[in-house]
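Topology and contacts: notes
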There are 2 protein chains.
Amino acid sequence: MAEARPERADAARNRRAILRATEELLARHRPDQISMEQIAAAAGVGKGTVFHRFGSRMGLMVELMRERAYALEDAVTTGPPPLGPGAPPEERLMAFLDAIVDVVGRNKGLLAALGHAATAAPRPAREQGEHRDEAGGEHPLHRFWHGHISALITARRPDLDGELLAHILLGSIQSEPVLRLLERGETSRLAASLRAVAAGVLAAPASGDPPGTSA
Amino acid sequence: MAEARPERADAARNRRAILRATEELLARHRPDQISMEQIAAAAGVGKGTVFHRFGSRMGLMVELMRERAYALEDAVTTGPPPLGPGAPPEERLMAFLDAIVDVVGRNKGLLAALGHAATAAPRPAREQGEHRDEAGGEHPLHRFWHGHISALITARRPDLDGELLAHILLGSIQSEPVLRLLERGETSRLAASLRAVAAGVLAAPASGDPPGTSA
DNA sequence: CATCCAACTTGACCTACGGTCCACTTTATC
DNA sequence: GATAAAGTGGACCGTAGGTCAAGTTGGATG
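Values in this document were obtained by computation on a predicted structure and should not be read as measured data.

Residues in contact with DNA strand D amount to 25 residues; listed here are only the nearest, Arg8, Asn14 and Thr49 of chain A together with Lys47 and Arg57 of chain B. Take the atoms of DNA strand D that sit within 4 Å of the protein: sugar and phosphate atoms are 59% of them. A distance of 2.5 Å is found between a base nitrogen of DNA strand D and a side-chain nitrogen or oxygen belonging to Arg8 of chain A. Between a phosphate oxygen of DNA strand D and a main-chain N or O atom of Asp10 of chain A, the distance comes to 3.5 Å. Among the secondary structure elements, those contributing two or more residues to the surface near DNA strand D are helix 1 (9-28) and helix 3 (47-54) of chain A together with helix 1 (9-28) and helix 3 (47-54) of chain B. Take the surface near DNA strand D: its biggest share by element is five residues, from helix 3 of chain A. The class makeup of the residues in the surface near DNA strand D is nine nonpolar, seven polar and nine charged.

This is the structure:
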């Protein structure tokens, strides 16, 4: 796992240039309007270089997203409450939802691109041994987010289907209409409603039909 | 709006053949694996015919979805309670959510295709004057679903952001992980959790932070 | 039933994009 | 400065959505 020859100077420079260029383009154009060739051109490198470094469109987007969400992941696992460990589950959940909305809000274009990119990826190709791709195809960020939300819900309400509820909560942020809302800057509006949903779920009176009723 | 020359017999036959073929393919393959050419071949027509009738991949998918969801729309607007008018908002909402899960569950592939298709559509082209496309690009079905949910939530809880909550509720059903769940047949599991969310929202104790706290 | 025209059909064709390949250049090491 | 591993670029490939001009056909009309 230790990498003796981590990366050549020019390679590092190019990688950053590509990432930067992607950010730039993502900020100015609809994600499905941005071709890999454009990105390469904007970064001042050849298309081959982009694919060499990131493997595929999806790889690029995931890498970019990972970079952006790293701080959040860190804050959650090792940071201070309420985001980090220590606070009660509800508080952590609320804080985490706020944080996610924030991240997503500042990365709408990227999120959309991630969604589109999922379309592609015919063959994962070689890639350095760093890419862990699961069966589904969901990107790593989602995995962490989902795991965290799921755990928090289950901690507070073991009787609920935390796993699914986490997907529901997360899925709602990814939908196009919501993304468009974020685009218009109504971040806090989203955060407020998401909190309302989460609060409602955690406070739910255990009503409804009992699980197991269905196939 | 009255169409004197509605459609020629052969055209109607072909349209149905195309729709049928699409259903068939959608049932057997991943949506992004199905090309328009395949559809045309399966329907026994030329590719040009498909585009002539539906304008684009998106157009085809929307048409198919509209056909499928028509019954639901009808049941909601003119049918008996609890889906139709007459029952209290909560009951109608629950019934509607169940119904939507059902429709979505029986049309996962189509939903996914709709999502992918959104990628395309560079120029809406001519099209018969029947397509109303809004600024965003969301398909008509969503409009109706969203409007209904939104109205029901607002009816019961005018203090909440029904419009956004409806998007959240709907968005959650569209996300890939949830779609995959449906694929595995866990329809009722989804329905149960969705009900829980909706119930939680409607019963919410108006807590949380007052709107306007953020920016 | 013959005529006619607009609607319809078709498949070759165009364009664009994701991804691959490999000959060539650069970096870092000794 | 020689060398080999790492990196680079851009021509190239296959595929798929969408277009179009030329030909075909349904059906209304007299």
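The subject of this paragraph is the protein's contact with DNA strand C. The full set close to DNA strand C counts 23 residues, and Lys47 and Arg57 of chain A together with Arg8, Asn14 and Gly46 of chain B are the nearest of them. By atom count, sugar and phosphate contribute 58% of the portion of DNA strand C lying within 4 Å of the protein. Gly46 of chain B places a main-chain nitrogen or oxygen 2.8 Å from a phosphate oxygen of DNA strand C. Of all the secondary structure elements, the ones that give two or more residues to the surface near DNA strand C are helix 1 and helix 3 of chain A together with helix 1 and helix 3 of chain B. If you tally residues by element for the surface near DNA strand C, the top one is helix 3 of chain B, at four residues. Residue composition of the surface near DNA strand C, grouped by class: nine nonpolar, seven polar and seven charged.

This part is about the nonpolar core. Counting residues in hydrophobic clusters, the biggest one holds 124 residues, and the most contacted among them are Trp145, Ile149 and Leu190 of chain A together with Trp145, Ile149 and Leu190 of chain B. Other than its neighbours up to four places away in sequence, Ile149 of chain B contacts Leu93, Phe96, Leu97, Ile100, Ala166, Leu169 and Leu170 of chain B.

The N-to-C vectors of helix 8 (residues 162-174) of chain A and helix 10 (residues 187-203) of chain B enclose an angle of 70°; their axes lie 10 Å apart at closest approach. What the angle tells us is that helix 8 of chain A and helix 10 of chain B run roughly perpendicular. Of the two elements, helix 8 of chain A crosses helix 10 of chain B, and the hand of that crossing is right-handed. Between helix 8 of chain A and helix 10 of chain B, the contacting residues are Glu163, Leu164, Leu165 and Ile168 of chain A on the first element and Arg189, Leu190, Ser193, Leu194 and Val197 of chain B on the second. Grouping the amino acids of the contact of helix 8 of chain A with helix 10 of chain B by side-chain chemistry returns six nonpolar, one polar and two charged.

The next thing to look at is the UniProt feature "DNA-binding region" (unreviewed entry) in chain A. Under the UniProt annotation, "DNA-binding region" (unreviewed entry) lies at residues 35-54 of chain A. The straight-line gap between the two end C-alpha atoms of residues 35-54 of chain A is 14 Å; of that span, 80% is helix and 0% is strand.

Pairing between side chains of opposite charge can happen when their charged atoms approach one another. For the structure shown, the criterion picks out 28 salt bridges over all chains. In the salt-bridge network here, residues are joined through shared partners; they are Asp161 of chain A together with Arg184, Glu186 and Arg189 of chain B.

Attention shifts here to the side chain of Ser175 of chain B. By the element assignment, Ser175 of chain B lies in the loop between helix 8 (162-174) and helix 9 (176-183). For Ser175 of chain B, the side chain forms a polar contact with the main-chain oxygen of Ser172 of chain B, separated by 3.4 Å. Those residues in contact with Ser175 of chain B that sit more than four places away from it in its chain are His167 and Gly171 of chain A.

Rules and cut-offs
Residues numbered from 1 in each chain as written. Chains lettered and ligands numbered in written order. Predicted model: local features only at pLDDT ≥ 70, side-chain atom pairs only at ≥ 80, totals over all residues. Heavy atoms only, no water. Near = heavy atom within 4 Å. Polar contact = N/O pair within 3.5 Å; in protein donor to acceptor, adjacent residues only side chain to side chain. Helix = DSSP H or I, 4+ residues; strand = E, 2+ residues; numbered from the N terminus. Nonpolar A, V, L, I, M, F, W, Y, C, P; charged D, E, K, R; others polar. Core = buried A, V, L, I, M, F, W, Y, C linked by side-chain atoms within 4.5 Å. Buried < 20%, exposed > 50% of the residue type's maximum accessible area, 1.4 Å probe, protein only. Contact = heavy atoms within 4.5 Å. Axes fitted to C-alpha atoms, helices over the stretch in contact; angles between N-to-C directions. Parallel < 35°, antiparallel > 145°, perpendicular 65-115°, else oblique. Left-handed = near helix turned anticlockwise from the far one by under 90°. UniProt positions renumbered as here; feature names shortened; annotations may be inferred. Salt bridge = Lys/Arg side-chain N within 4 Å of Asp/Glu carboxyl O.

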